[in-house]
Amino acid sequence: MSIQLHDWLSTLGQLPPVRVVEVDNDQLSASSAWMRDGFLHAVDGRTRKYFAVYKAKSGQHAKWLAAADGAALEVIPLAVEGGDCIVGGDFWLVGVNSVGSTMNIEGRQCDYQTAKQRISKLDTRKLHVVGYRATNLKNKFRWLRYKFRDLFRGPTASDPIFLFPSSVTQTGKWSTFFDMLLGIQGGDRLWQEWAHIDLVVAVTGRKDAKSGKDILVVASTTVHPCVPNREAEVQGDCLDALETYLSQSGFQIIRNPAPYSSQFGVVLPYNNVIVQDDPATVWLPQFGDAGDYQATDQANVELWRKIGFKVVPVPGWGAFLRDHASIRCATNGVARL
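Now for a quick tour of the structure. Within each chain, residue numbers correspond to sequence positions counted from 1 in written order. Local features in this predicted model are restricted to residues of pLDDT 70 or higher, and side-chain atom pairs are both shown and tallied only at a pLDDT of 80 or more, whereas totals for entire chains, interfaces and linings draw on every residue. Excluded from the side-chain calculations are hydrogens and water; all other atoms, namely the structure's heavy atoms, are used.

## Here we look at the overall build of the protein
- Elements are defined by DSSP. Helices are runs of H or I of four residues or more, strands are runs of E of two residues or more, and each kind is numbered from the N terminus. Counting its regular elements, the protein contains eight helices and 16 strands.
- The C-alpha atoms of the protein give 20 Å as radius of gyration, which agrees with the globular expectation for 337 residues (20 Å, within 12%).
- Taken along its principal axes, the extent of the C-alpha atoms in the protein is 55 × 50 × 45 Å.
- Looking at the 337 residues of the protein, the share that counts as buried comes to 47%.
- Note on areas: these come from Shrake-Rupley sampling with a 1.4 Å probe, and a residue is covered only by the protein chains present in the view. For the protein, the accessible surface area stands at approximately 17,300 Å², while carbon and sulfur atoms represent 53% of it.
- A positive count includes Lys and Arg, and a negative count includes Asp and Glu. His and the chain ends are not counted in either. Note on charges: their place is set at NZ of Lys, CZ of Arg, CG of Asp or CD of Glu. Of the side chains in the protein, 36 bear a positive and 34 a negative charge, and the two mean positions are spaced by 5 Å. The globule rule is 2.2 Å times the number of residues to the power 0.38, and the radius of gyration it is compared with is taken over C-alpha atoms. For every residue, the accessible area obtained with a 1.4 Å probe (protein chains only) is divided by the maximum for its type, and the residue is called buried under 20%, exposed over 50%, and partly exposed between those limits.

So this is what it looks like as structure tokens:
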């Protein structure tokens, strides 16, 4: 396999030196491709260190790479997977689901503010917890109906995926449902429907010329050329509420078309991109191989070009929609040059 990989890399032209770390097959799982979720990474001077997040679902990447590098490895009592963590210039974003998971780590249970404080110590930049408020939804009772159905019956093939953990007890389910009822009436409770925020939010590294605000790209299931349908409208309502929350948090928002696929139960992750600042380049996943998405492929290319980026379209990611992830999840930077 290593020889085949090097043969394939040789067809890509001149590349920086590539090192292959081999792993036994019995250590791999279906989600091992999503290496961003498996570890966090830090360099202090010439010292490299890997941090394995608590119970990462996608593999033992921190262990594998630390062993290959001869670097230190530390397991940290945080549940912040890489896909739920996006870093900007002087800020960073973490999904509210990661805060909730950190609150419930066995033996380290804590309240919301304590979990948020633990996470904030990872980075000195300003932390924004990302989600949406039910009070900002246009159709609160439709949202409540879907949430109730998912919580007590589980999602069906034609329903949006809302990702309630199957381990929630019956008592916990009713407690969550009452939180929903309170949420549509008011309060600051944040919700997150997407496994990770990098599936629907992208940091551009650019600021708006007039306001000076940092620009984020947020997915929309309903803007042209998306084809509206019942599931897309439910997801779209949540994404619109997400835009409202992020705008109130001080960001400038650009919406990009991201259709909802009923077949795969996922908002197409056009926002799951690799962004480079200098020169401004974005590697953008394309999903035309999974259906009639050529128009939205091109619309997203044009959107990033208008922001000022050189766009490198990367085809073939429709094959990974069943695993609800894309190109950013399949990469992780271990050195910034």
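## Brief notes about helix 5 (residues 140-152)
- A helix is expected to reach a length of 1.5 Å times the quantity of its residues less one. In a regular helix each residue adds 1.5 Å, so 13 residues correspond to 18 Å; helix 5 covers 18 Å between its end C-alpha atoms and thus fits that length.
- Taken together, the buried positions of helix 5 are occupied by Arg142, Trp143, Leu144, Tyr146, Lys147, Asp150 and Leu151.

## Quick word on the pattern of salt bridges
- Whenever a carboxyl oxygen of Asp or Glu lies within 4 Å of a side-chain nitrogen of Lys or Arg, that contact is scored as a salt bridge. Under the defined criterion, the tally for this structure stands at 14 salt bridges.
- One salt bridge in this structure joins Arg142 and Asp237, with 3.9 Å as the shortest N-O distance. Highlighted residues: Arg142 in helix 5 and Asp237 in helix 7 (residues 230-248), separated in sequence by 95 residues. Like Asp237, Arg142 is buried.
- A salt bridge links Asp198 to Arg328; the shortest N-O distance between them is 2.8 Å. Residue Asp198 is located in the loop between strand 8 (190-191) and strand 9 (201-207), and its partner Arg328 is located in the segment after strand 16 (310-314); the two are separated by 130 residues in the primary sequence. The same class applies to Asp198 and to Arg328, which are both buried.
- Each of Lys138, Asp240, Glu243 and Arg255 takes part in one network of salt bridges that share partners.

## Notes on the packing of aromatic side chains
- Two rings from Phe, Tyr or Trp (for Trp, the six-membered ring) form a pair when their centres are within 6.5 Å of each other. A pair whose planes differ by under 30 degrees is stacked, one over 60 is edge-to-face, and the rest are tilted. Tallied over the full model, the rule gives seven aromatic pairs.
- Judged by centre distance (4.9 Å) and plane angle (40°), the ring pair of Trp317 and Phe320 falls under tilted.
- Using a relative accessible area of 11% as the deciding quantity, one classes Trp317 as buried.
- Grouped by ring-pair contacts, the aromatic residues Trp34, Trp317 and Phe320 constitute a single cluster.
- Stacked on the ring of Tyr146, the Lys or Arg Arg149 has its end atom at 5.4 Å from the ring centre. Two conditions define a charge sitting above a ring: the NZ of Lys or the CZ of Arg must be within 6 Å of the ring centre, and it must be within 35 degrees of the ring normal.

## Quick notes on the packing of helix 3 (residues 96-103) against helix 4 (residues 112-120)
- Packing of helix 3 against helix 4 leaves a shortest axis separation of 9 Å and a crossing angle of 110°. When the axes of helix 3 and helix 4 are compared, the pair comes out roughly perpendicular. The residues of helix 4 that touch helix 3, namely those facing Val96, Ser98, Val99, Thr102 and Met103, are Tyr112, Ala115, Lys116, Arg118 and Ile119.
- Classifying every residue of the contact of helix 3 with helix 4 gives six nonpolar, two polar and two charged. Every axis corresponds to a line fitted to the C-alpha atoms, with the helix fit spanning only the stretch in contact, and the corresponding angles, defined between N-to-C directions, vary from 0 to 180 degrees. Geometric relationships in this document are graded by angle, where less than 35 degrees denotes roughly parallel, more than 145 denotes roughly antiparallel, 65 to 115 denotes roughly perpendicular, and other angles denote oblique. Two residues qualify as a contact provided that any one of their heavy atoms is within 4.5 Å of a heavy atom in the partner residue. Lys, Arg, Asp and Glu make up the charged group, whereas Ala, Val, Leu, Ile, Met, Phe, Trp, Tyr, Cys and Pro make up the nonpolar group; the residues left over, Gly among them, are polar.

## Description of the sheet that holds strand 14 (residues 274-276)
- Two strands qualify as a pair provided DSSP detects at least 2 bridges between them. Strand order in the open sheet formed by three strands is 14-15-16, with mixed pairing between adjacent strands. Looking at the sheet topology across the chains shown, the edges are occupied by strand 14 and strand 16. Shown here is a sheet whose adjacent strand axes are inclined to one another by a mean of 20°, direction ignored.
- Relative to strand 15 (residues 281-285), strand 14 is paired through three bridges, and the arrangement is antiparallel. By the bridge assignment, Val275 is partnered in strand 15 with Val282.

## Side note on the pairing of strand 5 (residues 91-95)
- Counting buried residues along strand 5, five of its five residues qualify, which places the element largely inside the surrounding structure.
- Neither face of strand 5 is exposed, since Phe91, Leu93 and Gly95 on one face and Trp92 and Val94 on the opposite face are all buried.
- Bridge analysis of strand 4 (residues 85-87) against strand 5 gives three bridges, and the strand direction is antiparallel. Residue pairing for strand 5: Cys85 is matched across the bridge by Val94.
- Counting the residues in the hairpin turn of strand 4 and strand 5 gives three residues.

## As for the nonpolar core
- In this structure, Leu93, Tyr132, Trp143, Val201, Leu216, Leu242 and Leu246 are the most contacted members of the largest nonpolar core, which totals 65 residues.
- In this structure, Leu216 is in contact with Phe91, Leu93, Val201, Ala202, Val203, Leu246, Phe251, Gln252, Ile253 and Ile254, ignoring residues within four places of it in sequence.
- Among the nonpolar cores identified, the runner-up in size contains twelve residues, and Val282, Val301, Leu303 and Ile307 belong to it. Throughout this description, the term nonpolar core refers to a set of buried Ala, Val, Leu, Ile, Met, Phe, Trp, Tyr and Cys residues connected via side-chain atoms within 4.5 Å.

## As for the side chain of Arg255
- Checked against the element boundaries, Arg255 lands in strand 11 (residues 252-257).
- Side-chain atoms alone can form a polar contact between residues adjacent in sequence; in general such a contact is a pair of N or O atoms within 3.5 Å, and within protein one must be able to donate a hydrogen while the other accepts it. Within polar-contact distance, the side chain of Arg255 engages the backbone oxygen of Ala219 at 2.7 Å.
- Reaching out from Arg255, the side chain makes a polar contact with the side chain of Asp240 at a distance of 3.0 Å.

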